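# A structural walkthrough
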Amino acid sequence: MSPSEPIRRVLMVGFMGSGKTLVGQALARRLGWEFRDFDQEVRSRVGLPIPEIFRQHGEGHFRTMEAEVGRDLLRKEGVVLASGGGWSAAPKRLENLPPGTVSVWLRVGPEEAVRRVRQDGPTRPLLAVDDPVIQAGQMLEEREPFYRLADLAVDTEGRDPEDLARTIEGLVNETGRELASPR
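Reference entry: report on the structure contained in this document. (Residues numbered from 1 in each chain as written. Predicted model: local features only at pLDDT ≥ 70, side-chain atom pairs only at ≥ 80, totals over all residues. Heavy atoms only, no water.)

## A short note on the packing of aromatic side chains
Applying the stated rule across the entire model yields 3 aromatic pairs. With a centroid separation of 5.3 Å and an interplanar angle of 85 degrees, the aromatic rings of Phe-38 and Trp-87 are classed as edge-to-face. Highlighted residues: Phe-38 in helix α2 (residues 38–46) and Trp-87 in the loop between β3 (79–82) and β4 (101–107), separated in sequence by 49 residues. Each member of the pair, Phe-38 as well as Trp-87, carries the same accessibility label: buried. On the basis of an interplanar angle of 35 degrees and a centroid distance of 6.0 Å, the ring pair of Trp-105 and Tyr-147 is categorised as tilted. Placement of the pair is Trp-105 in strand β4 and Tyr-147 in helix α6 (residues 132–147), with a sequence separation of 42 residues. Here Trp-105 matches Tyr-147 in class, with each residue buried. The lysine or arginine in question, Arg-107, covers the ring of Trp-105, its NZ or CZ lying 5.4 Å from the ring centre. (Phe/Tyr/Trp six-rings, centres within 6.5 Å; stacked < 30°, edge-to-face > 60°. Helix = DSSP H or I, 4+ residues; strand = E, 2+ residues; numbered from the N terminus. Buried < 20%, exposed > 50% of the residue type's maximum accessible area, 1.4 Å probe, protein only. Lys NZ or Arg CZ within 6 Å of the ring centre and 35° of its normal.)

## Brief notes about the sheet that holds strand β1 (residues 9–13)
Taken together, the 5 strands give an open sheet; going across it, the order is β2-β3-β1-β4-β5, and neighbouring strands pair in parallel fashion. The open sheet is flanked by β2 (34–37) and β5 (152–155), the only strands paired with a single partner. In this sheet, adjacent strand axes meet at a mean angle of 20 degrees when their direction is disregarded. In terms of strand pairing, β4 meets β5 through 4 bridges, oriented parallel. If you follow Leu-106 over to β5, its bridge partner there is Val-154. Along the sheet, α2 contacts β1, β2 and β3; its crossing angle with β2, the most-contacted strand, is approximately 65 degrees. Strand contacts of helix α7 (residues 161–174): β1, β4 and β5, with the helix running at about 155 degrees to β5, the strand carrying the most contacts. (Pairing = 2+ DSSP bridges. Axes fitted to C-alpha atoms, helices over the stretch in contact; angles between N-to-C directions. Contact = heavy atoms within 4.5 Å.)

## Topic: the environment of Val-13
With respect to the helices, strands and loops of the structure, Val-13 is situated in strand β1. Between the C-alpha atom of Val-13 and that of Ala-113, which follows or precedes it by 100 residues, the distance is 14 Å. Setting aside its immediate chain neighbours within four residues, Val-13 contacts Lys-20, Ser-83, Ser-88, Leu-94, Val-104, Trp-105, Leu-106 and Ala-150.

## Focus on α6
Taken as a whole, α6 carries its principal kink of about 35 degrees at Glu-141; the proline Pro-145 stands between one and four residues after it. Turning to α6, its buried residues are Pro-132, Ala-136, Met-139, Leu-140, Arg-143 and Tyr-147. (Bend = angle between axes of the 7 residues up to and from the residue.)

## Some remarks on the nonpolar core
Leu-11, Phe-15, Phe-38, Leu-81 and Trp-87 are the most contacted members of the largest nonpolar core, which has 29 residues in total. Secondary structure elements with two or more residues in this core: β1, α2, α3 (50–57), α4 (59–73), β3, α5 (110–120) and α6. Among residues more than four places away in sequence, those in contact with Leu-11 are Phe-38, Leu-81, Ser-83, Trp-87, Leu-94, Leu-97, Thr-101, Val-102, Ser-103 and Val-104. Residues Met-12, Ala-26, Ala-82 and Val-102 belong to the second largest nonpolar core, which totals 22 residues. (Core = buried A, V, L, I, M, F, W, Y, C linked by side-chain atoms within 4.5 Å.)

## Looking at the packing of α2 against α4
Where α2 contacts α4, the two axes come as close as 9 Å, and the packing angle between them is 115 degrees. Taken together, the axes of α2 and α4 lie roughly perpendicular to each other. Seen along the crossing, α2 lies across α4 with a hand that is right-handed. Across from Phe-38, Asp-39, Glu-41, Val-42, Arg-45 and Val-46 in α2, the residues of α4 making contact are His-61, Phe-62, Met-65, Glu-66, Glu-68, Val-69, Gly-70, Asp-72 and Leu-73. Considering only residue class, the contact of α2 with α4 consists of 7 nonpolar, 2 polar and 6 charged. (Parallel < 35°, antiparallel > 145°, perpendicular 65-115°, else oblique. Left-handed = near helix turned anticlockwise from the far one by under 90°. Nonpolar A, V, L, I, M, F, W, Y, C, P; charged D, E, K, R; others polar.)

## Describing the side chain of Glu-112
Here Glu-112 lies in helix α5. Since its relative accessible area comes to 15%, Glu-112 is described here as buried. Of the polar contacts made by the side chain of Glu-112, one reaches the side chain of Arg-115; its length is 2.6 Å. Among the polar contacts made by the side chain of Glu-112, one reaches the side chain of Arg-116 at a distance of 2.9 Å. (Polar contact = N/O pair within 3.5 Å; in protein donor to acceptor, adjacent residues only side chain to side chain.)

Scope: geometric values only; no functional claims are made or implied.
Shown next, in the form of structure tokens:
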């Protein structure tokens, strides 16, 4: 983060079920900015739900689409972005964010992530296994070194999206950097 560069976008990163979408939407409302979700954008471009993309085209195709969406959305200004859980787990993604981007890692444990994901509806393709908590723990362990590269980190367990959005807004304001004007 450059201390003089105005903040043009906030990028939420973290594991599935960490709250990137709900917290991102709440933060966007607070800032008067647009909200965009990588997964929703991929669904829109491909015309299929994500489990169907995985089933019909495989994870590789999904990751390619996710990377393309990330490049496109990270060009926008006055926007809060929710990346996919695996998007930031690719080498150099968080190190090479465009100037004016603040990244926020929403931390969640594997048990809570699985609980939240189950509430959302159909099982996520990567957790469609016998023991999703063990799978989530292994995936989280692999991805954490990447998530740790985020500018800010906030624990999400036991907190609602509005409270988290207030916290993140305060942390962003504490950087002393000017926020871009709402769109």
